[in-house]
Amino acid sequence: MVTLKEYEKYVGADVLYELELYAAKLKGVSIQNINSTAVGGGVAEILNRMIPLLHQLGVNASWDVIKGGERFFEVTKKMHNALHGKAEIFTKEETDLYLETNEMNANVLDNDADIYFIHDPQPCALIRNKKKKDSWIWRCHIDFSNPDLFTWDYLKQFIEQYDVGIFSAPSFARNLKIPQVLISPSIDPLSNKNKELPQETIDSVLEKFNIDKKRPIVTQISRFDYLKDPVGVVKVFRQVKKYIDCQLVLAGGGATDDPEGSQVLAEVQAIAENDPDIFLLLLPPASDIEINALQRASTVVLQKSLREGFGLTVAEALWKSKPVIAGAVGGIPLQISHKYSGLLTHTIEGTAFALKQLLQNPEYAKKLGENGRELIRKNFLITRHLRDYLLLFLSLLNKKEDIVYL
Ligand code: UDP
């Protein structure tokens with residue numbers, strides 16, 4: 001098990017001291033996180049790393065996952081796509097199912113926490129069980145820059161009952177009656193996904209997937225989701241491959257709250273046409289070492305998202321000093337300052353142009369990767385994220401006390 005002390009080499013002793021100071025003030029306070037999947041996607045990734053560190057700090061934090069049937073997750077995926085901008089209409093059957101599933105979960109989840117920390121839209125309606133003495137945080141991990149207004153209005157009735165809303169990027173701030181806080185996500189430099197790996201491990205992962213280590217490797221790690229544009233990535237690769245002999249790795253698994261994955265994968269398989277230089281890797285959960293090795297083995301990492309709450313995969317690749325080309329959407333520009341810590345693009349043609357440029361200019365690519373690592377070290381490691389959360393918890397408790405003493 002990783003100890004907090006081990007983070008000192010990346011962030012310095014002062015940062016850890018500050019965390020201990022804040023955590024000590026939270027003694028006796030219980031914080032219950034609730035989301036909709038234990039594996040797959042960025043939210044589960046962060047909670048998996050964050051909860052043990054909160055425990056080490058002596059904070060009473062727990063994590064529960066709501067349960068729902070296949071139809072519930074179809075409805076919430078539709079909601080997710082709508083909040084990312086797709087026009088959708090929800091039937092009464094769908095909203096009833098959404099509310100009933102939230103109600104059913106409310107009845108089985110523990111209900112004695114001081115602070116409820118609810119992640120994303122799926123469990124958002126749990127707020128209907130708010131009691132006077134507790135505080136509720138709604139943490140939105142998705143790209144909220146241009147939501148479908150019907151869906152937004154529906155969800156807003158629940159969001160505005162929370163004490164505070166957390167968003168990942170300034171462009172996601174909405175007109176809301178409750179306070180909004182900007183807290184961006186983070187990666188854990190000591191997790192299996194991000195820790196240093198011996199060259200033999202990297203080589204053995206390449207061998208396992210029959211990837212040629214002598215030729216350039218271009219990689220995108222993502223759930224198979226339309227908004228990650230894997231089909232666009234294959235088109236980019238095809239354009240570049242005419243000029244440069246390289247390989248494409250598209251690696252990803254599913255998430256239990258994302259029912260669209262197999263359909264997207266089928267579309268990518270169809271367009272990849274058994275090309276021996278395109279590696280479509282369907283990874284099982286807990287493939288962290290494989291993902292780490294694939295990122296480290298890459299010449300260039302792509303994240304050609306069309307919408308993106310933050311894009312942990314961008315931070316993961318930058319932390320490994322990899323040159324990254326990513327869509328200029330959502331939370332990605334927080335991590336990539338164009339031509340300084342990576343390249344931002346808007347189209348297939350633009351991404352292909354950027355990829356050719358980086359494959360032909362390794363010195364420039366190296367510099368972008370180095371700048372990227374430093375930017376992640378300063379802003380997007382888990383210790384900064386913990387600090388922001390601890391301060392938020394304290395501010396919520398202080399606010400409650402003010403109310404008592406007024
Ligand atoms: N990931 C994974 N296995 C996969 C695909 C992705 O473990 O097959 C991880 C990836 O390394 C990253 C997270 O899941 O840590 C995805 O987070 P991101 O913010 O990039 O996207 P999201 O899936 O949350 O939209």
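Structural data are supplied above this passage.
Bear in mind that the values here come from a model prediction, so they are computed numbers and not experimental data.

Participant: How do you make sense of the packing of helix 8 (residues 230-241) against helix 13 (residues 348-360) when you look at a structure like this?
Facilitator: Remark: helix 8 packs on helix 13, axes separated minimally by 9 Å, with the N-to-C direction vectors making an angle of 50 degrees. Classified by the interaxial angle, the pair formed by helix 8 and helix 13 is oblique. Considering the relative orientation of helix 8 and helix 13, their crossing is right-handed. Seen from helix 8, the contacting residues are Gly232, Lys235, Val236, Gln239 and Val240; seen from helix 13, they are Ile348, Glu349, Thr351, Ala352, Leu355, Lys356 and Leu359. Classifying every residue of the contact of helix 8 with helix 13 gives six nonpolar, three polar and three charged.

Participant: I tried to follow the site of the ligand on my own but got confused; where do I start?
Facilitator: Taken together, 15 residues form the shell around the ligand, and within it Gly42, Arg223, Lys228, Gly253 and Glu316 come nearest. Gly253 is positioned with one of its backbone polar atoms (N or O) 2.4 Å from an oxygen atom of the ligand. At 2.4 Å from an oxygen atom of the ligand is found a side-chain nitrogen or oxygen belonging to Glu316. Broken down by secondary-structure element, the contributors of at least two residues to the shell around the ligand are helix 3 (42-56) and helix 11 (312-319). Element by element, the count of residues in the shell around the ligand is highest for helix 11, at three residues. Taken together, the residues of the shell around the ligand sort by class into two nonpolar, seven polar and six charged.

Rules of the game
Residues numbered from 1 in each chain as written. Predicted model: local features only at pLDDT ≥ 70, side-chain atom pairs only at ≥ 80, totals over all residues. Heavy atoms only, no water. Axes fitted to C-alpha atoms, helices over the stretch in contact; angles between N-to-C directions. Helix = DSSP H or I, 4+ residues; strand = E, 2+ residues; numbered from the N terminus. Parallel < 35°, antiparallel > 145°, perpendicular 65-115°, else oblique. Left-handed = near helix turned anticlockwise from the far one by under 90°. Contact = heavy atoms within 4.5 Å. Nonpolar A, V, L, I, M, F, W, Y, C, P; charged D, E, K, R; others polar. Near = heavy atom within 4 Å. Polar contact = N/O pair within 3.5 Å; in protein donor to acceptor, adjacent residues only side chain to side chain.

Everything listed here is a matter of geometry and, on its own, says nothing about what the molecule does.
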